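# Report on the structure
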Amino acid sequence: MGHDHDETTGHDEAGHSHGEHSHDHREHEHDSDHDHSHGEHTHDDHHAHDAEGVDIGVLTVSTSRTLDDDPAGDIIAAACEDAGHEIAERRLVADEMDAIGDAVAALLDEGVDVVLTTGGTGLTPDDVTVDAIEPLFDRAVPGFGELFRWLSYEEVGPMAMASRATAGIVDDRLVFCLPGSENAARTGAEKLVAPAVGHLLGLVRR
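What this report covers is the structure whose coordinates are included nearby.

Calculation rules
- Residues numbered from 1 in each chain as written.
- Predicted model: local features only at pLDDT ≥ 70, side-chain atom pairs only at ≥ 80, totals over all residues.
- Heavy atoms only, no water.
- Helix = DSSP H or I, 4+ residues; strand = E, 2+ residues; numbered from the N terminus.
- Buried < 20%, exposed > 50% of the residue type's maximum accessible area, 1.4 Å probe, protein only.
- Contact = heavy atoms within 4.5 Å.
- Areas by Shrake-Rupley, 256 points an atom, 1.4 Å probe, with all protein chains shown as cover.
- Pairing = 2+ DSSP bridges.
- Axes fitted to C-alpha atoms, helices over the stretch in contact; angles between N-to-C directions.
- Phe/Tyr/Trp six-rings, centres within 6.5 Å; stacked < 30°, edge-to-face > 60°.
- Expected span 1.5 Å × (residues − 1).
- Bend = angle between axes of the 7 residues up to and from the residue.
- Core = buried A, V, L, I, M, F, W, Y, C linked by side-chain atoms within 4.5 Å.

Of the regular secondary structure elements, the protein chain holds eight helices and six strands. Mapped in sequence order, the helices and strands of the protein chain form the string α-α-α-β-α-β-α-β-α-β-α-β-β-α. Out of the 206 residues belonging to the protein chain, those deemed buried represent 40%. Long-range contacts, defined as pairs at least 24 residues apart, comprise 77% of the intrachain contacts of the protein chain with a sequence gap of at least 6. Counting only carbon and sulfur atoms, one obtains 50% of the accessible surface of the protein chain, whose full area is about 11200 Å².

Here it is as structure tokens:
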């Protein structure tokens, strides 16, 4: 996950997305009054319950980092704050199953709306973050991991499948497990979590 990001989206712009746009345009012409009204109504409903100013806890999973030397955690915190959310707590925990699960549970018990972890989502034997946190989930949010690996594939190719980045719902809160590399943390936080977490939390709490 250490490669620089490539922001190009030439494939979608040149192919699939353009085709979908043309199809939608023809449907719109077919029944413009109905589609326009329905679209406005759906958009209003879609964001009516969005949460604003989400309180977020950032948990770095590492045996070698400190909170003073935590570039991935810094990137995640900055992305969330730039999107108008509040970093309520930042903590560090070792790569140990019980310690990770307890740390996430403690942050949730203390009232944060969302926990973002960074580190321990790979395939090596000491990558146990996902194993520690998934048992806490009431429901998984598979779209997060799917989108994360899709974005990563555009950057690093098939090595993206080595990431087990995931997310889930615990009671009426959300937990996201991001990789520990700076570039991967930036991808997950800036492109996925920060812009969408208010809406996702609103859906969870409806």
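Bringing the sheet that holds strand β6 (residues 173–178) into the picture now. The sheet built from six strands is open, its strands ordered β2-β1-β3-β6-β5-β4 with mixed pairing. Only two strands of the sheet have a single partner each, and these edge strands are β2 (86–93) and β4 (139–140). Sheet contacts for helix α5 (residues 97–109): β1 (55–61), β2, β3 (114–118), β5 (166–170) and β6; angle to β2, the most-contacted strand, approximately 160°. The strands touched by helix α8 (residues 182–204) are β3, β5 and β6; relative to β6, the strand with the most contacts, the crossing angle is about 165°.

Below, the discussion takes up the packing of aromatic side chains. Going through the model one piece at a time under the given rule, you end up with two aromatic pairs. Ring geometry for F144 versus F176: centroids 5.2 Å apart, planes at 75°, classification edge-to-face. With F144 in helix α7 (residues 142–156) and F176 in strand β6, this pair connects stretches of sequence that are 32 residues apart. Neither residue differs from the other here; F144 and F176 are each classed as buried. A network of ring pairs unites the aromatic residues F144, F148 and F176 as a single cluster.

Another aspect to go through is α8. In this model, α8 (23 residues) spans only 29 Å end to end at C-alpha, well below the 33 Å of a helix rising 1.5 Å per residue. Where α8 bends most, at V197, the angle is about 60°.

Glancing now at the pairing of β6. Extensive coverage of β6 is indicated by the burial of six of its six residues. Summarising the sheet, β3 and β6 pair through five bridges and their orientation is parallel. Looking across to β6, one finds that T117 is bridged to C177. Bridge count for β5 against β6 is five bridges, and the pairing is antiparallel. Across the sheet, the residue bridging to G168 is V175, located in β6. Linking β5 back to β6 in an antiparallel pair, the connection comprises two residues, with D171 at a positive phi of about 55°.

Another point: the nonpolar core. Of all hydrophobic cores here, the largest spans 29 residues; its most connected members are I56, I76, V114, L116, F144, L174 and F176. With nine residues, the top contributor of residues to this core is α8. Sequence-distant contacts of I56, that is, excluding residues within four places in its chain, are made with C80, H85, E86, I87, A88, E89, V112, V114 and L116. Counting 17 residues, the second largest nonpolar core, distinct from the first, contains V112, A132, I133 and V175.

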